[in-house]
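If you want the building blocks of each chain, they are given just below.
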Amino acid sequence: MLESVILRRVLLGAAALMGAGAILLALLLADTDDNDVSVTGNAAVDELIPPRNAEVLSQETVGIDLASGYDARLAINGVAIPPEQIRHLPNINRFTFRPDQNKVIERLQAEQNCVQATYWRQEVGPDDANTISWCFTAS
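Computed from a predicted model, the values in this text were never measured in an experiment. Numbering of residues begins from 1 in every chain and follows the order in which that chain's sequence is written. Residue-level local features of this predicted model are given only where pLDDT is at least 70; pairs of side-chain atoms are given and counted only at 80 or more, and the full residue set underlies all totals for whole chains, interfaces and linings. For the side-chain quantities, the full set of heavy atoms in the structure was used; hydrogens and water were omitted.

*Asks:* Please clarify how the pairing of strand S8 (residues 111-121) should be interpreted in this entry.
*Replies:* A regular strand places its side chains on the two faces of the sheet in alternate fashion. If DSSP finds at least two bridges between two strands, the strands pair. Secondary structure is summarised from DSSP: a helix means a run of H or I of at least four residues, a strand means a run of E of at least two, and numbering begins at the N terminus for each. With seven bridges joining them, strand S4 (residues 70-76) and S8 adopt antiparallel strand pairing. Bridged to Ile 76 within S8 is Val 115. Sheet analysis places S8 next to strand S9 (residues 130-138), joined by nine bridges and oriented antiparallel. The residue of S9 that forms the bridge with Cys 114 is Cys 135.

*Asks:* Any chance you could explain the nonpolar core here in plain terms?
*Replies:* Here is a general trend for soluble globular proteins: nonpolar side chains tend to be buried in one another's company. What is meant by a nonpolar core is a set of buried Ala, Val, Leu, Ile, Met, Phe, Trp, Tyr and Cys residues, joined one to another through side-chain atoms within 4.5 Å. Working definition: with a 1.4 Å probe on protein chains only, accessible area under 20% of the residue-type maximum means buried, over 50% means exposed, and in between means partly exposed. In terms of nonpolar packing, the biggest core is built from 27 residues, with Ile 64 and Ile 132 touching the most fellow members. If you list the elements that add at least two residues to this core, you get strand S1 (45-49), strand S3 (62-66), S4, strand S7 (94-97), S8 and S9.

*Asks:* Explanation requested: the environment of Arg 73 in the structure shown.
*Replies:* Within the element layout of this structure, Arg 73 appears in strand S4. Between the alpha carbons of Arg 73 and Thr 118 there is a distance of 5.3 Å; along the sequence they are 45 residues apart. Setting aside chain neighbours within four positions, we find Arg 73 in contact with Pro 83, Ile 86, Gln 116, Ala 117, Thr 118 and Trp 120. Should any heavy atoms of two residues lie within 4.5 Å, those residues are considered in contact.

*Asks:* Please explain the packing of aromatic side chains as it appears in this structure.
*Replies:* Centre-to-centre distance and the angle between the planes together describe a pair of aromatic rings. In this scheme Phe, Tyr and Trp rings, the latter by its six-membered ring, pair at centre separations within 6.5 Å, and the angle between planes marks the pair as stacked below 30 degrees, edge-to-face above 60, and tilted otherwise. Under the defined criterion, the tally for this structure stands at one aromatic pair. Sitting above the plane of the Tyr 70 ring, Arg 121 keeps its charged end 4.9 Å from the centroid. Sitting over a ring, as applied to charges here, requires NZ of Lys or CZ of Arg to be within 6 Å of the ring centre and within 35 degrees of the ring normal.

*Asks:* Would you explain the state of the cysteines in this entry?
*Replies:* Two cysteines, two sulfur atoms, one covalent bond between them: this is a disulfide. The disulfide criterion is simple: two cysteine sulfur atoms within 2.5 Å. Counted according to the given criterion, the structure contains one disulfide. Disulfide pairing is shown between Cys 114 and Cys 135; the S-S distance is 1.9 Å. Measuring handedness by torsion sign, the sulfur bridge of Cys 114 and Cys 135 sits at about 105° and is right-handed. Here Cys 135 lies in strand S9 and Cys 114 lies in strand S8, a separation of 21 residues in the sequence.

*Asks:* When you look at the sheet that holds strand S2 (residues 55-56) in this model, what are you seeing that I'm missing?
*Replies:* Working definition: the strands of a sheet are paired by backbone hydrogen bonds and lie parallel or antiparallel to each other. The mixed open sheet is built from five strands, whose spatial order is S2-S9-S8-S4-S5. Both edges of this open sheet fall to S2 and strand S5 (79-80), since each of them pairs with a single strand only. Bridge count for S4 against S5 is two bridges, and the pairing is antiparallel. Residue pairing for S5: Ala 75 is matched across the bridge by Ala 80.

Limitation: the analysis is restricted to geometry and does not speak to function.
Laid out in structure tokens, this is it:
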């Protein structure tokens, strides 16, 4: 009888420790720093510019930062950005567009804007492309 009481207490204590450990692990892994799972889990995409759900100005730069060896094209609110209007910084493999006069988009629309980036490995080409979409708010 004494052995079963001791065993029960040991098991309850172990269960309580495991529960506390699970809660601690969940808190440590919680997405509290606005990490975007579709970016964090994607080996090709390093950063969305601006981040998903950000609030920006109407002349804000929009784009994507990709891993080395990828190429990209952008569309904002359904408007394809001509390749000659996309700025590519090859040293960090960043593809950006900044709205301005005489460009396909002169300013981001008030409220919600959505971007679709099509990207592919340069060695494979655009026939095997992937896309990632995100939205943000402009004022």
